[in-house]
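Inside the fold
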Amino acid sequence: NPRAMAARDSHAGRRVLVTGAANGIGRAIALGFAARGATVGVADLRAEDVARAVAEIEAAGRGKAVGLTVDVADYIALEAAAGEAANAMGGTFDTVINNAGISPKHEGVAHKVWEMDPAEWRRVVDVNLTGTFNTIRLLSGSMRAAQRGWIVNTSSVAGKTYSPIVACHYAATKSAIIGFTKHLAAELGPYGIRVNALAPGRIETPMVRGVAPEINEEQVRLTPMARLGQPEEVADVALWLTSAESSFVTGQTVDVAGGLYM
Ligand code: NAI
């Protein structure tokens, strides 16, 4: 089947940085890119998680992986880690999937603005928004020079409409990602770089498994497809947004939500 063969190699030769790649959606994206022949930079906070994710990709027997133990909020650390990865890979990243994100709650409940610790607000902005800026600030120069590049950011349905199950810092950063993505698509489009975002609905990951079952049951009830999404279903859209099959798509935020909020 020639189409299946082409899909198998759709990302061959690409160097893809995936942040938050040790768990959940990021892990599925990293495995998906490796399965399509890419070299994957697995970035996450803890060395042992990064090592496990790298080993998992290597065990799958397709693509290659390099580990980056880094906090995406730390620009200097990211620059150093990406430099080491570029040496190991023989070139810099041409594709970035900004997936790392946090959604703090208080004992599983979305707390209100008047209950929010200002330091927690800053941390969510630093990871979810500034972390996304940091990788793009760092890597868009080499992408411009190469006249090609692919960037996928991670918003959320909670960035498009009010969601009672997240707190205001999370909603604010996920809304900001949508506008940031449009602006960058305009700045970088002339250089052959496409910038898009994903807006997942309720996806079955460690982030979502950590809440009371009633919360997920209610989200399933609100989802026309009547189930949680799987991380691989988000990964498939990230693969599409960075493939030749989406060559005229930029500045878009694509819902992967089973119809939750339309
Ligand atoms: P998760 O919590 O299961 O995994 C996130 C990964 O990111 C973890 O491995 C974590 O260690 C890493 N990470 C967190 N902060 C980091 C930092 N500062 N630097 C580097 N790595 C860091 O999360 P999940 O569910 O896989 O979510 C991934 C993305 O998708 C997030 O941006 C989240 O906001 C977004 N999202 C998830 C939804 C869901 O239902 N699971 C719905 C909508 C959006």
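What comes next is a walk through the structure. (Residues numbered from 1 in each chain as written. Predicted model: local features only at pLDDT ≥ 70, side-chain atom pairs only at ≥ 80, totals over all residues.)

**Re the overall build of the protein chain**
So the rule is basically this: Secondary structure elements follow DSSP: runs of H or I no shorter than four residues count as helices, runs of E no shorter than two count as strands, and numbering proceeds from the N terminus. Residue burial is a threshold on neighbouring C-beta atoms within 10 Å of the residue's own C-beta, all placed from the backbone, with 20 or more meaning buried, 12 or fewer meaning exposed, and counts in between meaning partly exposed. Our contact criterion uses C-beta atoms placed from the backbone: two residues qualify when those atoms are within 7 Å.
The helix and strand inventory of the protein chain stands at 9 helices and 7 strands. The principal-axis extents of the C-alpha atoms in the protein chain amount to approximately 50 × 45 × 40 Å. Counting all 262 residues of the protein chain, 45% fall into the buried class. Considering only contacts within the protein chain whose residues lie at least 6 apart along the sequence, 73% involve residues at least 24 apart.

**A word on the sheet that holds strand β3 (residues 64–69)**
Heads up, the condition is: The pairing criterion is simple: DSSP has to find at least two bridges between the two strands. Axis lines are fitted to C-alpha atoms, over the contacting stretch for helices. Their N-to-C directions set the angle, which ranges from 0 to 180 degrees.
Spatial ordering of the open sheet is given by β3-β2-β1-β4-β5-β6-β7, a layout of 7 strands whose pairing is parallel. Bordering the open sheet on either side are β3 and β7 (253–256), each of which pairs with just one other strand. With strand direction ignored, the average angle separating the axes of adjacent strands in the sheet is 20 degrees. Here strand β2 (residues 39–44) runs beside β3; their pairing, made up of 6 bridges, is parallel. Pairing of Gly41 across the sheet is with Val66, part of β3. Of the strands in this sheet, β2 and β3 are in contact with helix α3 (residues 47–60), which crosses β3 at around 175 degrees.

**Looking at the site of the ligand**
Spelled out, the test is: Near, for a residue, is defined by distance from a backbone-placed C-beta atom to a molecule or strand, with 6 Å as the limit that must not be exceeded. Gly counts as polar in this scheme, as do all residues outside two lists: the nonpolar Ala, Val, Leu, Ile, Met, Phe, Trp, Tyr, Cys and Pro, and the charged Asp, Glu, Lys and Arg.
Taken together, 29 residues form the shell around the ligand, and within it Gly20, Gly24, Gly101, Thr205 and Met207 come nearest. For the shell around the ligand, the secondary-structure elements that each account for two or more residues are α2 (24–35), β2, α5 (118–146) and α7 (206–209). Across the shell around the ligand, the residue classes break down as 14 nonpolar, 12 polar and 3 charged.

**Comments concerning unusual backbone geometry**
Of note, the phi angle at Glu107 is positive, near 50 degrees, even though the residue is not glycine. When you line up the elements, Glu107 lands in the loop between β4 (95–98) and α5. When the 6 C-beta atoms within 10 Å are taken as the criterion, Glu107 is described as exposed. You will see that Gln147, though not glycine, has its phi angle at about 60 degrees, which is positive.

**Things to note about the packing of α2 against helix α9 (residues 231–241)**
Stated precisely, the cut-off is as follows: Any angle that falls under 35 degrees is termed roughly parallel, while one over 145 is termed roughly antiparallel, one within 65 to 115 roughly perpendicular, and all others oblique. Definitions for this section: a left-handed crossing has its near helix turned counterclockwise from the far helix by less than a right angle. A right-handed crossing has that turn clockwise.
Running from N to C, α2 and α9 cross one another at 50 degrees; their axes reach a closest spacing of 8 Å. What the angle tells us is that α2 and α9 run oblique. Remark: the crossing between α2 and α9 carries right-handed chirality. Contacts between α2 and α9 pair Gly24, Ile25, Arg27, Ala28, Ile29, Gly32 and Phe33 from the former with Pro231, Glu232, Val234, Ala235, Ala238 and Leu239 from the latter. Tallied by class, residues from the contact of α2 with α9 come to 9 nonpolar, 2 polar and 2 charged.

**Some remarks on the pairing of strand β1 (residues 15–19)**
The test is simple: Handedness of a crossover is defined as follows: orient the strands so they point away from the viewer, and if the path from the first strand over the helix to the second runs clockwise, the crossover is right-handed.
Across the 5 residues that make up β1, a large majority, 5, are buried. Of the two faces of β1, the one holding Arg15, Leu17 and Thr19 and the one holding Val16 and Val18 are both buried throughout. In this structure, β1 lies alongside β2, joined through 5 bridges in parallel fashion. Across the sheet, the residue bridging to Arg15 is Thr39, located in β2. Each parallel crossover has a hand, and for β1 linked through α2 to β2 it is right-handed.

**Here's the deal with α2**
Our working definition: For a helix, the expected span equals 1.5 Å multiplied by the number of residues minus one.
Taking 1.5 Å per residue, 12 residues should reach 16 Å; α2 reaches 17 Å between its end C-alpha atoms and fits that length. Burial of α2 is extensive: 12 of the 12 residues sit out of reach of the surface. Here α2 has its buried residues at Gly24, Ile25, Gly26, Arg27, Ala28, Ile29, Ala30, Leu31, Gly32, Phe33, Ala34 and Ala35.

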